[in-house]
Amino acid sequence: MKFCKKYEEYMQTQDEKKLPAVGFKNLKKILKRCRTTDTIVSHRSQSSSLLVNQSPDDICPHHCPVCDGTFFPSLMKEMSAVVGCFNKRAQKLLDVHLATGFRKYYVWCRGKLQGNHGALVQEGKDLVAYAIINAVALRKILKKYDKIHYSKHGQAFRSQVQSMHMEILQSPWLCELIAFHINLRETSRKAFEGPSLVFNDGKPSLSCELSDTFKIEIDLTCSICLDTVFDSVSLTCGHIFCYMCACKSGSVTIVDGLQAAKSTAKCPLCREAGVYEGALHLDELNILLSRSCPEYWEERLQNERVERIRQAKQHWESQSRAFLGI
């Protein structure tokens, strides 16, 4: 079965939820019209050696309606809607699961009355599948664009999407949903298949497969301390670090928090600036790792407690001196 048909059938099963989707079929029609133009045909007749030597701007026709703004703006608008919907629904789902205090009791009672625990589990599974299949759709349509135009504009567009944090696989909510899925599987009497936490040479990663041909893995090793992430946070660029490691790289204390980082502070990995203010605490991932690595978690907890107390003491001493004018 071709992916376009498979994608349409999947989205039809999600009609009740009214989820936005990539207009895969319409985008393919646009590319088909572009492919039939005489300009493209003339470029197809060029030798492969000339194609290698030419730049994408030279190869792509100057009057192609696709390149003039039909294809990429449509795809950008659709991907923006998909990512926005995914993040919103994932956040709402996890807020319910991580509720505390009276709200947790209220949610539990409502769930018992409505019998919606199974629906909560299914919603998490569906959101992960929704994210992955749309990521595949984006890659396939951009690959087809480059194939038709003998260009690398599709790759450039994908890089642009990633820099704008609109790549759905970069979303920290995807990491949280996978961890949520595993956490429920560990606590539920009825085990179900799905994503898993994998250890390779003692290094953990989240693994999730949509099919035999597509698999994603999220590395859970902090690139600063080179250890398993502890009290993990995701910067807006999508990279995951220990909370204290992120504070150090952002030149802030744990008391001030990542929100206090300067807008010029850069991610240690991709060197993108302004990624600390919108950092997200990965609570579901922290629960998963604390259960999977209890000894390691307890050791890190004891070590960081000492450091947190030291930094808090220094912070309040400096505040007191400033207040007294010493």
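Within every chain, residues take consecutive numbers counted from 1 along the sequence as written. Totals for whole chains, interfaces and linings use every residue, but because this is a predicted model, local features are given only for residues with pLDDT of at least 70 and side-chain atom pairs only at 80 or more, for both listing and counting. The side-chain quantities take in all heavy atoms of the structure and omit both hydrogens and water.

1. Considerations on the environment of Asn134
Along the chain, Asn134 turns up in helix α8 (residues 117–149). On the basis of relative accessibility, which here comes to 0%, the residue Asn134 falls in the buried class. Separated by 51 residues in the primary sequence, Asn134 and Val83 have C-alpha atoms spaced 9.2 Å apart. Beyond its immediate stretch of four places on either side in the chain, Asn134 contacts Tyr7, Ala21, Val22 and Val82. Polar contacts here mean pairs of N or O atoms no more than 3.5 Å apart (in protein, one a potential hydrogen donor and the other a potential acceptor; neighbouring residues in sequence count only if both atoms are side-chain atoms). In this structure the side chain of Asn134 is engaged in a polar contact, spanning 2.6 Å, whose partner is the side chain of Tyr7. Only runs of H or I of at least four residues qualify as helices and only runs of E of at least two qualify as strands under DSSP, and these elements are numbered from the N terminus. Whether a residue is buried, partly exposed or exposed follows from its accessible area with a 1.4 Å probe, protein chains only, as a fraction of its type maximum: under 20%, in between, or over 50%, in that order. Contacts are assigned to residue pairs that have any heavy atoms within 4.5 Å of one another.

2. Considering the packing of aromatic side chains
Any two rings among Phe, Tyr and Trp, with Trp reduced to its six-membered ring, count as a pair given centres within 6.5 Å; such a pair is stacked if its planes are under 30 degrees apart, edge-to-face if over 60, and tilted if neither. Counting across every chain of the model gives six aromatic pairs. Ring geometry for Phe72 versus Tyr145: centroids 4.7 Å apart, planes at 50°, classification tilted. With Phe72 in helix α6 (residues 66–97) and Tyr145 in helix α8, the pair connects residues that are 73 residues apart, well separated along the chain. Neither residue differs from the other here; Phe72 and Tyr145 are each classed as buried. Seen in terms of ring centroids, Phe230 and Trp297 are 4.5 Å apart; in terms of plane orientation they differ by 50°. Their pairing is tilted. In this pair, Phe230 sits in the loop between β3 (214–219) and β4 (232–234) while Trp297 sits in helix α13 (residues 294–324), placing the two residues 67 residues apart along the sequence. The same class applies to Phe230 as to Trp297, namely buried. Among the aromatic residues, ring-to-ring pairing joins Phe71, Phe72, Tyr145 and Phe157 into one connected group. Its end group placed over the ring of Phe3, Lys140 keeps NZ or CZ at 5.7 Å from the ring centre. Charge over a ring is defined by NZ of Lys or CZ of Arg lying within 6 Å of the ring centre and within 35 degrees of the ring normal.

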